[in-house]
Amino acid sequence: MSLDPSLLAGLSATEARRRLVAGECSVTRYAQALLARADAVEAQVQAWACLDRAHVLAQAEAADRAHARGDIDGPLFGLPVGVKDVIDTADLPTENGTVLHAGRMPRQDAAVIRALRAAGGWVMGKTVTTELATYAPGRTRNPHDPAHTPGGSSSGSAAAVAAGMVPLAIGTQTNGSVIRPASFCGVYGFKPSAGLIPRTGILTQSPAFDAVGVFGRTLDDVALLAQALAGHDPQDPLTRLRATPPLLRLAATEMQQPPRFGWVATPFWDRVAPDAQAAFGALLERLRGHVAPCELPSAAANAVTWHRTVMEADIAGSFELEYERGRDQLSASLCGQIERGRQVSAVDHRKALSRAKVLRQDLEAVFDRCDVLLTPATLGTAPKGLASTGDPLMCTLWTFLGMPALSLPLLHGESGLPLGVQLVGRRDDDARLLCAARWLVRAATPAGA
């Protein structure tokens, strides 16, 4: 069956792969449809740091030759993926969102890119990141309203998926850099447990918190990509030699009993926008009988301070060379983080980092009463203006603890802009999180939608 190019570009990754494997559409034709979509919207969205049409088509043609040979077993066969421009790619520049790294060409692929290619996928292009994956915005705009931020720091990855230019994308998160843009752009965003996906070959910001995350149009999409990228890498001390959890199969599994959701307003509920509070109130009413309020340990309120202490000290170390050689070309916000980080003592850094283990243990009692936690992904819809990427406050605690988190595009604010629902799981229990998300998506979606 021949599909209109606009319909091809709108396919989920899992549906696109099915059609590509079945030979219903060539990878080249699929790539051409995505390029046509980019031609139509990229000037407004500006999600790409590098999108080379000839390279895109060359990779698609190589995938078609593989299909002709019968080499179609890879779980990502034929699928193009947008890659945040802090992730090394040997065939495309990786400039890390700063003029200080302009023209930088890595000598080898990051571990996740090697995994992506081994699974049959290919790199569509490099997506815009904020400056060195921190807070100073790049040029990307929100696909739903270009007057609003797409979030950050994985701005281009979320926006490219939301705008229909690519079915999947990879981002990174050190605070809220996957979950926040997923919420603002209205796509699925998954930040797995710390150590599930290796970070080798990716810009280091804060080794304690840096994590790889993924974006897609469906829950199956993010499970598919995360599973393909997961694995042990001896160069990343957070990863472990263990079996990869079957995320895609479990994401598609119907739970025999409804999951128990723990509603967590967090200590910052008073800062959540009124329309977001109303949207979550309606959701909780819809989930009546399946959700119960959960109180966090009192120490959770301090996690933002502890996270900032560690992250800014790590940023000062990670970007010392950039600061010493080119501080006049760094943003005021990044210079401020580096300068504050330089004042953090080794004792205070270690003390703040040690709080995470204690707090995770305290949270075990909460998870004894529920399967997953339900909480806002952001303080509201994407703020108007492009001078900021929004506040990551609703993500910080979970990143500090290395817990898996999902943003599900289930709600909208009164403006009509997307509003993500965040689900958080026990660390290393990503599969249960995805199972619970499947149930929630169905329960929260109105009949006939």
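Check the entry above for the structure.
Calculation rules
- Residues numbered from 1 in each chain as written.
- Predicted model: local features only at pLDDT ≥ 70, side-chain atom pairs only at ≥ 80, totals over all residues.
- Heavy atoms only, no water.
- Helix = DSSP H or I, 4+ residues; strand = E, 2+ residues; numbered from the N terminus.
- Buried < 20%, exposed > 50% of the residue type's maximum accessible area, 1.4 Å probe, protein only.
- Polar contact = N/O pair within 3.5 Å; in protein donor to acceptor, adjacent residues only side chain to side chain.
- Contact = heavy atoms within 4.5 Å.
- Expected span 1.5 Å × (residues − 1).
- Pairing = 2+ DSSP bridges.
- Axes fitted to C-alpha atoms, helices over the stretch in contact; angles between N-to-C directions.
- Parallel < 35°, antiparallel > 145°, perpendicular 65-115°, else oblique.
- Left-handed = near helix turned anticlockwise from the far one by under 90°.
- Nonpolar A, V, L, I, M, F, W, Y, C, P; charged D, E, K, R; others polar.
- Core = buried A, V, L, I, M, F, W, Y, C linked by side-chain atoms within 4.5 Å.

### Comments concerning the side chain of D220
Now for step 1: Secondary-structure assignment places D220 in helix α8 (residues 219–229).
Now for step 2: For D220, a relative accessible area of 19% translates into the label buried.
Now for step 3: A polar contact of 2.3 Å, which involves the side chain of D220, links it to the side chain of R438.
Now for step 4: Ignoring any residue separated from it by four or fewer positions in sequence, one finds D220 in contact with T14, L248, A251, A252 and R438.

### Topic: helix α11 (residues 303–318)
Now for step 1: With 16 residues, α11 extends 22 Å between its outermost C-alpha atoms, agreeing within 8% with the 22 Å of an ideal straight helix rising 1.5 Å per residue.
Now for step 2: Within the sequence span of α11, burial applies to A303, V304, W306, H307, V310, M311, E312, A313, D314, I315 and A316.
Now for step 3: Residues of α11 that are buried in the fold lie against α12 (320–326), α13 (332–341), α14 (346–367) and α15 (393–400).

### A few points about the pairing of strand β10 (residues 405–412)
Now for step 1: Extensive coverage of β10 is indicated by the burial of six of its eight residues.
Now for step 2: For strand β5 (residues 188–191) and β10, the ladder comprises three bridges, and the chain directions are antiparallel. Residue pairing across strands places G189 opposite S407, the latter belonging to β10.
Now for step 3: Across six bridges, the pairing between β10 and strand β11 (residues 418–424) is antiparallel. Note that in β11 the partner of L406 across the bridge is L423.

### Looking at the sheet that holds strand β3 (residues 122–127)
Now for step 1: On the basis of which strands lie adjacent, the open sheet formed by eleven strands has the order β1-β3-β2-β4-β6-β5-β10-β11-β9-β7-β8 and mixed pairing. Both outer strands of the open sheet, β1 (48–50) and β8 (291–293), are each paired with one neighbouring strand and no more. When the angles between neighbouring strand axes are averaged without regard to direction, this sheet yields 35°.
Now for step 2: Here strand β9 (residues 372–376) pairs with β11 via four bridges, running antiparallel. Counterpart to P376 in the pairing with β11 is V421.

### Focus: helix α6 (residues 155–162)
Now for step 1: The buried fraction of α6 amounts to seven of the eight residues, a majority that puts the element mostly inside the structure.
Now for step 2: Among the residues of α6, those classed as buried are S155, G156, S157, A158, A159, A160 and V161.
Now for step 3: G164 sits one or two residues past α6 and shows a positive phi near 80°.

### What about the packing of α8 against helix α16 (residues 430–444)?
Now for step 1: At a minimum axis distance of 11 Å, the contact between α8 and α16 shows a crossing angle of 165°. As summarised for this structure, α8 and α16 are arranged roughly antiparallel, according to the angle between their axes. The handedness of the crossing between α8 and α16 comes out as left-handed. Contact residues: L219, D220 and A223 in α8; L434, A437 and R438 in α16.
Now for step 2: Across the contact of α8 with α16, the residue classes break down as four nonpolar, no polar and two charged.

### Concerning the packing of α11 against α15
Now for step 1: The N-to-C vectors of α11 and α15 enclose an angle of 70°; their axes lie 9 Å apart at closest approach. The orientation of α11 with respect to α15, classified from their angle, is roughly perpendicular. Contacts between α11 and α15 involve A303, V304, W306 and H307 from the first element and L393, T396, L397, T399 and F400 from the second.
Now for step 2: Classifying every residue of the contact of α11 with α15 by side-chain character gives six nonpolar, three polar and no charged.

### Quick word on the nonpolar core
Now for step 1: Membership of the largest hydrophobic core comes to 144 residues, with the highest contact counts inside it found for L374, L408 and L440.
Now for step 2: Ranked by the residues each element gives to this core, the list is headed by helix α3 (residues 27–45), at nine residues.
Now for step 3: Those residues in contact with L408 that lie beyond four places of it in its chain are Y188, L219, L419, G420, V421, L423, A437, L440 and V441.

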